[in-house]
Each structure stands twice: as C-alpha cells, then as structure tokens.
Amino acid sequence: MEVEGEQGGGRLRLVLRHGADGYQLLASDPFGRPLWVLTRLAPVTWLVDHRAEAWCRASGAVALPQLELSGLPIDRVPAVLEGEAPAHPPEDAEGERFEDAEGRWWSLREGPEGLAAWTLWSGDEPVLWWQAQPRGGILSHRRGSQFRWRSSVAEETEGSRFAAVVPEGYDRLDCAAWDVLELRQDQPASAGDRPPG
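A few points on the structure. (Residues numbered from 1 in each chain as written. Predicted model: local features only at pLDDT ≥ 70, side-chain atom pairs only at ≥ 80, totals over all residues. Heavy atoms only, no water.)

**Re the environment of L108**
Next, step 1: Turning to its location among the elements, L108 is positioned in strand β9 (residues 105-111).
Next, step 2: Distance from L108 to W129, taken between C-alpha atoms, is 9.8 Å for residues 21 residues apart in sequence.
Next, step 3: Once residues within four sequence positions are removed from consideration, L108 is found in contact with A85, A87, P89, E96, F98, L115, A117 and W118. (Helix = DSSP H or I, 4+ residues; strand = E, 2+ residues; numbered from the N terminus. Contact = heavy atoms within 4.5 Å.)

**Description of the sheet that holds strand β3 (residues 13-19)**
For sheets, the rule is that strands pair by backbone hydrogen bonds, running either parallel or antiparallel.
Next, step 1: The strand order across the open sheet formed by six strands is β3-β4-β5-β6-β7-β14, and the pairing between neighbours is mixed. For this open sheet the edge positions go to β3 and β14 (171-172), each flanked by a neighbour on one side alone.
Next, step 2: Across two bridges, strand β7 (residues 54-59) lies against β14 in parallel orientation. Paired with W55 across the strands is R172, a residue of β14. (Pairing = 2+ DSSP bridges.)

**Examining the state of the cysteines**
Linking two cysteines covalently via their sulfur atoms produces the bond known as a disulfide.
Next, step 1: In this structure the tally under the stated criterion is one disulfide.
Next, step 2: With a sulfur-sulfur separation of 2.0 Å, C56 is cross-linked through a disulfide to C175. Classification of the bridge connecting C56 and C175 rests on its S-S torsion, roughly 105°, and on that basis the disulfide is right-handed. Within this pair, whereas C56 is found in strand β7, its partner C175 is found in the segment after β14, the two being separated by 119 residues in sequence. C175 carries the same exposure label as C56, and that label is buried. (Disulfide = S-S within 2.5 Å. Buried < 20%, exposed > 50% of the residue type's maximum accessible area, 1.4 Å probe, protein only.)

**Some thoughts on the packing of aromatic side chains**
Next, step 1: Going through the model one piece at a time under the given rule, you end up with one aromatic pair.
Next, step 2: Ring plane angle 65° and centroid distance 5.6 Å describe the contact between W106 and W118, whose orientation is recorded as edge-to-face. In this pair, W106 sits in strand β9 while W118 sits in strand β10 (residues 114-122), placing the two residues 12 residues apart along the sequence. The pair W106 / W118 is uniform in exposure class, with both members buried.
Next, step 3: Sitting above the plane of the W121 ring, R97 keeps its charged end 3.9 Å from the centroid. (Phe/Tyr/Trp six-rings, centres within 6.5 Å; stacked < 30°, edge-to-face > 60°. Lys NZ or Arg CZ within 6 Å of the ring centre and 35° of its normal.)

**Topic: the environment of R13**
Next, step 1: Tracing the backbone shows R13 in strand β3.
Next, step 2: Sequence separation between R13 and L26 is 13 residues, and the spatial gap between their C-alpha atoms is 8.0 Å.
Next, step 3: Apart from the residues lying within four places of it in its own chain, the contact partners of R13 are L26, A27, S28, D29, P30 and G32.

**With respect to the pairing of strand β4 (residues 22-28)**
Next, step 1: Among the seven residues that make up β4, six are buried, leaving the element largely enclosed by the rest of the structure.
Next, step 2: Of the strand pairs in this sheet, β3 and β4 are connected by seven bridges, and their pairing is antiparallel. Considered in β4, the bridge of R17 is made with Q24.
Next, step 3: Between β3 and β4, which pair antiparallel in sequence order, lie two residues.
Next, step 4: Between β4 and the antiparallel strand that follows it, strand β5 (residues 34-41), lie five residues; G32 among them carries a positive phi value of about 90°.

**Structural notes on the pairing of β7**
Next, step 1: Two elements, strand β6 (residues 44-49) and β7, share six bridges in a ladder whose sense is antiparallel. Paired with T45 across the two strands is A58, which belongs to β7.
Next, step 2: The antiparallel hairpin formed by β6 and β7 contains four residues in its connecting segment, where E53 sits at a positive phi of about 50°.

**Observations concerning the side chain of T45**
Next, step 1: For T45, the location among the structural elements is in strand β6.
Next, step 2: With sequence-adjacent residues up to four places away left out, T45 is seen in contact with L38, T39, R40, C56, R57, A58, G60, V62 and I74.

**What about the pattern of salt bridges?**
Next, step 1: Taken as a whole and judged by the stated rule, the model has seven salt bridges.
Next, step 2: The partner of D49 in a salt bridge is R51, with the nearest N and O atoms 3.8 Å apart.
Next, step 3: Residues joined in a network through salt bridges with shared partners are D100, E102 and R104. (Salt bridge = Lys/Arg side-chain N within 4 Å of Asp/Glu carboxyl O.)

Here it is as structure tokens:
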C-alpha cells in the first residue's frame, strides 16, 4: 500500500486475516518490521502500535496510524480492501445516492467488471471515495490522504480464529485521546485489562 497524506508519504505492507469472528490487519514497513496491528472482534477493537510501544481498546472504530478512514464502517474494512462496497442501497432506494442505517449517504458506480467506484458524502461534499484498480484500489479522503494498494497474494488458511496480543511493557492509552499519527510521549497510560491472547 502506498500512503500519501499530511504526514508525508510512504509504503506499507498489509496482511489481512479474517473469518467469522472478525478480522485482523497487520502492517509492516517494506523491510518487514512490524508497525501496528488492528484486531476487530465485534464489538471490540484493539490497536497495537509497535513503534510507540502502546495499545488501546475501544468499542467501535479507532484511528489507524497513517490511514485516514473516518466515516468508513469499521466492520467493512476487509470488504473495501477486497473491492466491495462499504454499504449497499436498500431495496426501495431511488436515485444515485442512498442512506445507510447509520444515516450516512453513499453513491455507487458500476462498471463492466463490477463495482467501479463509491463515495461517502457529507451534504454535497465527498468525504471518502474509492476507485477500482487492477487487483486493488485507490481510496481518498477529503483531508488529503490517499491510499493505493494492490493485492499480491491471497491464500486460504485453516481456521479463522485469532486474538489480540499485546507485548509485555506496552502502555495502554485511551483510543479517543490517542493521536496515533504523532504519539505524544508524555501521555500517561490508562488502567484496564489486557486483551485476551
């Protein structure tokens, strides 16, 4: 994945594991060094940032390091990475735009190969939009971030269970107050249980 945004640009390697229980995203740099791990076991999300040696646990979505995805339903991230729409129009939808169960407005555009693009709207302004690319896609955010990815390997794995694992000594932080793009080192760790591992 190529990332461009306010913090500059770079490349990530993402591994997506998913199954009936949820999914896990593992990010590493081009040399294979771990950067962060997102584990979603609904309704709980864990984020472990290996560079900052910190972690957080939240109900619902969390901000991902280097990825501006606000507005994207957290449970639809794997679908988006695999070229699917984050929301689908209800059967009685009329016109180009439709409203989802959470009150977000979307539009979809089909092409000869299937889904070609989608957009998340706020009034008349696009907030988040995606365009299909061969074996991947381009995801752009109104705040200036853009992500391009291409799937290189897909393989079946036995079993679908995985767990959130936090290394010993990592600080627990509040997901809502944690600036994961530029972690403040003076931020105190909050109390709480570690995730199951």
